[in-house]
Structures are given as C-alpha cells and as structure tokens.
Amino acid sequence: MKALQKLLGNPRSLRMLKRGFGAGVVIVALLEVLVVNVLHLGHGYFWFDGLPAFGSLYGFLSSVIIIVVAKFILYPLVSRKEEHYD
Amino acid sequence: MIEWLHPGLLLIGGAAAVPFLKGRALQAYLPLLAAVALLDCILMTPGMFGKAQFLGYQLTFGRVDRLSLVFAYVFTLAGVIGFIYALHVKDRLQHIAALIYLGSALGVTFAGDYVVLFIFWELMAFSSVFLVWANRTPESVSAGFRYLLVHVFGGLCLLGGIMLYIGQTGSISFDSMHAFAGSTTFALILIGFILNAAVPPLNAWLPDAYPAATVTGAVFMSAYTTKSAVYVLIRGFAGTEALMWLGAVMAVYGVIYATMENNGRRLLAYHIVSQVGFMVCGIGIGTEMAVNGATAHAFAHIIYKGLLFMGAGAVLYMAGTVKLSELGGLYKTMPLTMIFFLIGGLSIAGAPLMSGFVSKSMTISGAGEQQNSFAFLMLTLASSGTFLSIVLKMTYYMFFGRDAGLQVTEPPRNMLAAMGLASFICIFIGVFPQSLYALLPYPADYAPYTAQHVLDSLGLFFFTTLGFMLFMKKLAPKPGLNLDTDWFYRRLAHAFMGIVRKPVANFEYRVVGEAYDYLIRAAVLFVSRVVNHFETEAVQPAPQSLAAGTNSLGNVLRRLQTGSVHDYAFIMAVGMAALALSYVIWWAQ
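Residues numbered from 1 in each chain as written. Chains lettered and ligands numbered in written order. Predicted model: local features only at pLDDT ≥ 70, side-chain atom pairs only at ≥ 80, totals over all residues. Heavy atoms only, no water.

Draft legend 1. Examining the overall build of chain A more closely. Within chain A, the regular secondary structure consists of three helices and one strand. Helices and strands appear in chain A in the N-to-C order α-α-α-β. On the principal axes, the C-alpha backbone points of chain A span a range of 60 × 45 × 20 Å. For chain A, with 86 residues in total, the buried portion stands at 34%. Total accessible area on chain A stands at roughly 5,500 Å², and carbon and sulfur atoms take up 71% of it. (Helix = DSSP H or I, 4+ residues; strand = E, 2+ residues; numbered from the N terminus. Buried < 20%, exposed > 50% of the residue type's maximum accessible area, 1.4 Å probe, protein only. Areas by Shrake-Rupley, 256 points an atom, 1.4 Å probe, with all protein chains shown as cover.)

Draft legend 2. Region of interest: the pairing of strand 2 (residues 57–64) of chain B. Residue and element names in this part refer to chain B. Where strand 1 (residues 47–54) and strand 2 come together, seven bridges link them in antiparallel fashion. Bridge pairing in strand 2 links Phe54 to Tyr57. Turn length for the strand 1-strand 2 hairpin, with the two strands adjacent in sequence and antiparallel, is two residues, and the turn residue Leu55 shows positive phi of about 50°. (Pairing = 2+ DSSP bridges.)

Draft legend 3. Broad picture of the interface of chain A and chain B. Each partner contributes to the interface: chain A provides 46 residues, whereas chain B provides 57 residues. Both sides together, the interface formed by chain A and chain B hides about 4,900 Å², and carbon and sulfur atoms give 74% of it. One salt bridge in this structure joins Glu82 of chain A and Lys323 of chain B, with 3.0 Å as the shortest N-O distance. Run the count over chain A and chain B and you get seven residue pairs in polar contact (both at pLDDT 80 or more). Of all elements in the fold, only helix 1 (2–9), helix 2 (11–38), helix 3 (54–78) and strand 1 (79–80) of chain A reach the threshold of two or more residues within the side of chain A that touches chain B. When residues of the side of chain A that touches chain B are assigned to their parent elements, the largest contribution, 19 residues, is made by helix 3 of chain A. Along the lines of polarity and charge, the residues of the side of chain A that touches chain B split into 27 nonpolar, 13 polar and six charged. Bridge analysis of strand 1 of chain A against strand 3 (residues 481–482) of chain B gives two bridges, and the strand direction is antiparallel. The residue of strand 3 of chain B that forms the bridge with Arg80 of chain A is Leu481 of chain B. (Contact = heavy atoms within 4.5 Å. Buried area = accessible area lost by both parts, 1.4 Å probe. Salt bridge = Lys/Arg side-chain N within 4 Å of Asp/Glu carboxyl O. Polar contact = N/O pair within 3.5 Å; in protein donor to acceptor, adjacent residues only side chain to side chain. Nonpolar A, V, L, I, M, F, W, Y, C, P; charged D, E, K, R; others polar.)

Draft legend 4. Representation of the side chain of Thr240 of chain B. Residues and elements named next belong to chain B. Here Thr240 is to be found in the loop between helix 9 (215–237) and helix 10 (241–260). Of the residues examined, Thr240 reaches a relative accessible area of 10% and is grouped as buried. Setting aside anything within four residues of it in sequence, one finds Thr240 in contact with Phe186, Ile283 and Gly284.

Draft legend 5. How the structure looks around the confidence of the model for chain A. Model confidence for chain A is summarised by a mean pLDDT of 86, while 98% of its residues fall at 70 or above. Averaged pLDDT values over the elements of chain A bottom out at 71 in helix 1 of chain A and peak at 93 in helix 3 of chain A. (pLDDT = per-residue confidence, 0-100.)

Draft legend 6. Up close: the pattern of salt bridges. Residues and elements named next belong to chain B. Under the criterion given, the structure shown has eight salt bridges over all chains. The partner of Arg136 in a salt bridge is Asp91, and the shortest N-O contact between them spans 2.8 Å. Here the residue Arg136 occupies a position in the loop between helix 5 (114–133) and helix 6 (138–169), and Asp91 occupies one in the loop between helix 3 (66–85) and helix 4 (92–110), the gap between them amounting to 45 residues. Beyond isolated ion pairs, a larger network of salt bridges with shared partners links Arg146, Asp208, Asp486 and Arg490.

Draft legend 7. Summary view of the environment of Ala300 of chain B. Along the chain, the position of Ala300 of chain B falls in helix 12 (residues 288–319). Not counting chain neighbours up to four residues away, the residues in contact with Ala300 of chain B comprise Ser355 and Ser359 of chain B.

Next comes the structure, spelled out in structure tokens:
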C-alpha cells in the first residue's frame, strides 16, 4: 500500500504514467491493425468491424458521443437544483 | 428425509430467529444461513418439487432446472457476501428485511407457476422497501413510498395479465409466452416484468430508491429485483424482438444518465439500468448464445455490481457522503477500498481477465452472429460509457483528483473481507470463464479470449480514456439533480396534491359543507321531529294505557277478595241466582 501511495503521490511517476498511457494508445491501435488487417487472425461479423483499428476508433467515437449527448445536450435540459422536488 | 428443501422458505423462516439472537451469535447466524441456502442449491437435482393443491390448481414451489439453478447459485452467493458486508449492522430490521428479500427472490426463481411467482414477486417489493426505510431519513421514507407505489403498479399489471391468462387457458403454469404474442395478456405480464427490470420509461424507481437505501441495504437491492426480472424474462419472453430494441436503448440510456450524475450511488444505479440493458437485449435476440450471454452477464453482474455498491457504501460509511463533488484524494486513506472498487469497475467495463469481459462479450457476439448491427454497436458504445463513468470518472473523482481533505480510514474489516471475496470471484470468473459457462442453461462453446476480442477491448478502453482526458473539464461533477421519467409521477402527484389542497378543500368547505347543512341536516331534523312526535304520542302512551288497564283489573279483583263473609255470601247468592235463572231460561225453551 505504501508503495502505491508513493507512486501516485509523486509527480515524476505520474508523468511516467502519462507517457506510458500515450505509448499504450499507439501500441494497441497498431496491434489491432496488425492482428486483424495484416495477419487476418480475427473474424468479424460485419463489414465495419474489420476496418483498421475498429475497436480503438469506435471507442474514441463512443466516448465523444456519450460526453456530447450527456453533457452538452441532455444536461442543460434535465439538470435541476438538488432541492428541486422538495 | 425431506425430498426437497426450499432455500427461499429456509431464509424467510430463518428470519424469525433474528430477534432472539444478538452479538456474535447473530453475526455468525446470518452468513451461515445464506451459506446453508447456497449449499442447499448446490446439492439440488433437477426436477419438479414442492407441489401443493390450492383451489383446484396445482402450485409448484420448486421448478429446478439449469436456468433456475444458475440464478439461485448467484443469488445465495451474493447473500453470503452481502451478510458478511453487513455484519457490523446492529439494526435487526435490516437483517430481517434482507433475509425475506433474498428468500422471496429465490421463491420467484424456483416458482413453477404464476400464483407462486406472484406471491414471491410482491413479497420481494414489500420486504426490500424496508432496506430503504431503515435509513430513517425523510428522503428515504418518501423514496421508499415512491418505490412501493411503482412496484404496486407493476404488480397490478402482472396480476391483471395472470388473471387473463388463467381465464384463457385455465392453467396457471408459467412457461414461454410466445403463443400469446401481441395479446393483452402478453403485454400486461411483460409490463409487470420489465418494470422490475427497470426498462425505460419504467426505470426511474431504481435510481430514485437505491441511493436512498442504507449502506448495506443497497448492496442487497442491487442484486435481486432486476435480476429476478431478467430470469422471468428469459423464462417467458426469450426471443421477443421488442426486448432487443428496448435493451439496446436501455444500455445507452443508463450510461448517458450515469455520465451526468454526481451522487456516486445513483451513478452506479444508472449502471444497473445500463447493464440490465445488455441482458434484456440478449433475451430479445433469443438465440441460445444470446440467452447464455444474458444469463452469464446476470451472474457476473450481481457480483461486480455488489462489489461496486460495497465500495461506494464504504466511502459513504466512512466519509459521510458519496457525492463526487465533495470527495477526492481518498487513495491515501482508503487504498484497499480503492483497489477493490477498481476491480469492480474493470469487471463491469469488461476488461480482459475480469468477469464482465467473459459475460459481456458473449452477449455482444450473440448480436453479431445474428447480424444485428444495431444491438452490436449500441452495446459496444455502452461498454465504452461504462468504462468512462465508473473506471475513469467515478474512481478519479472519489479516490484521486482534488484532495477534499477528508479525515477517514479504511472501513470495518468485515466490509473489506466482503469486498475481497467479491473481487476474488470477479477475477476468478475472468481467468477461468469455463467455470461460469459450465453453469449456463445451454451448452456453451464459446472462447472469449481471441486476439481480436482482447485487442478490440483494449483499444476501446485506451481511446475512451483519451476522450475522457480531452473533456475532463466538462466532466467535473457538479451538485445537482437530473430529471428522469419519475418527473411525470412526482409532478403529477404534486399537481394532484395542489388540487386537493386548494380547490377541493375549498369546494368541500364552502359547497359540500353548506349543501350538507341545508340538504342532509334539514332532512335529518325533519325526520327526527316526525319520529319524536310518533314516540311521544303513540309509543310512549302504549305501555301507560296497558298499565292503567292492569291497574283497574287489579282493583276489581282486589274488591272481589275483601276477606269479609258478607261479600262472599253475596257473591254466592248472586251465583246461585244466575244458575237458577239460566236453568229457568233453558227449561222454558
């Protein structure tokens, strides 16, 4: 536990974590292309899930869709004060 | 030797002992009783048990087959974990309510007909509401009443459907409702079921009531109501296309609301809606693989959702709040809770080596095999949203982010032990998926760990994180409340009360009260005057004149019996004269 707290409390290791994440994003997307489109190891169900790096692209698209719909469109419409029903 | 012991009735009956136990004995009793129920389920063999005659119908309390067993296993297992988590709770009301609630969920699972099903169905709603009320705050009392009213409405729809069903078939057996598709019977029973599954627009009771429940009560509630609904939907409505559409929409609906939410336990409640959407969608697709996926997902979901509610409950218990805007930096003081919560989060998101991965991908592949691109894309989108709002948003703002400076420690050891046990199960299922697949209703020949699957998931998570980092500022939680479909009945009730308070009360006082004065009271007075007159003139004199008659007769008799010889001699003389006279009259004739 101590080691974990030290790791997360240290700005230097946090910077490392960010860099590691950046590398992970690139590596995963490339691996996806490699496995599905170069080595043809997977089998898709539709025309679209065999596109290069489908999981990665759709994941990014999904998060953007959800954030835009939830926070930019719906939130202004349905958000009220906590005491709304009192 | 008893042929078959109903685990639900064992727990409901076992609740009777709770008031007489205290201290260590009670602490040992609760998880042990749930463990005995689990053992009871494990030792069961398939068949039909617990038959009874009632009003000419045959009731079946124990339909034991692969489908009911897998749900019974996970219900009782979650009960063991839940009671370990609740060991420190002194409030016996909560323990009794939880035992009856778990027992009635098992009752629904093993019910072979609609009558038994309905009884346990209602018992489930009426016992679980006490887990909300046990919080004993004004908010929880009113949330509990709303919860109960919504479930009474659903129960009435179900009852109406059952009545029509009995009228049409003359039978009470509960099996596939396919033959009734499109009829009112079908619709009413389906509405009763999907209300408990929290399918929008009948979903708002769930995020309304669960965050109002006690810390330990919410852990139980997260497991049983929605998943027993999933069970009956599999039983009765597998392959109903409408469920596929509703489930796919529901999975995204829950995620969107969760993304806006500030209250941690309400956020998790919206994720129940979303996750049950996966199951409902799988049921709607209806193939063996999709139904297997829905069942596996229900199993995995009960454990990891319980784990998440335990983690959020531990934060609420220690810090006094679970509003994300008031939390932060808890990794320093609650690292174990954070690790367990993160395991729950990775499981629900479906990360490789976690339970959600092996169950969720089965449902999504079920959609893929049916060439159903809508369900496939919606469920994948919901997976991304789950990762976004639980693993990223909730973990970040609870345990990291701005340090809220809360002076807390780890929760009691029993809470940590329960979370540890649930975490172990999540990882065990993720690493050994065949252990779960072996329990599913249909033979499962499915390999979740293909290179493409794993990489697709990793890609999904990494790039969702990228999206999160881009919109981090916008995602910061803010205090507030988001309107859901409960707005309709809460506003309706408000308007109704307004009408009652102002116009109806006035009308009652001014018009009905006055009219009462003139019409009713005047008439009553008139009738009472008539009755009074009759009483004084006719009824009261009657005994008087009767008494007067008796009195004068008595006087006559009294005079006759004077005791004086002269009088008697006179009477005898009169008698003799009368006899002589009558003889003369007779002789003359």
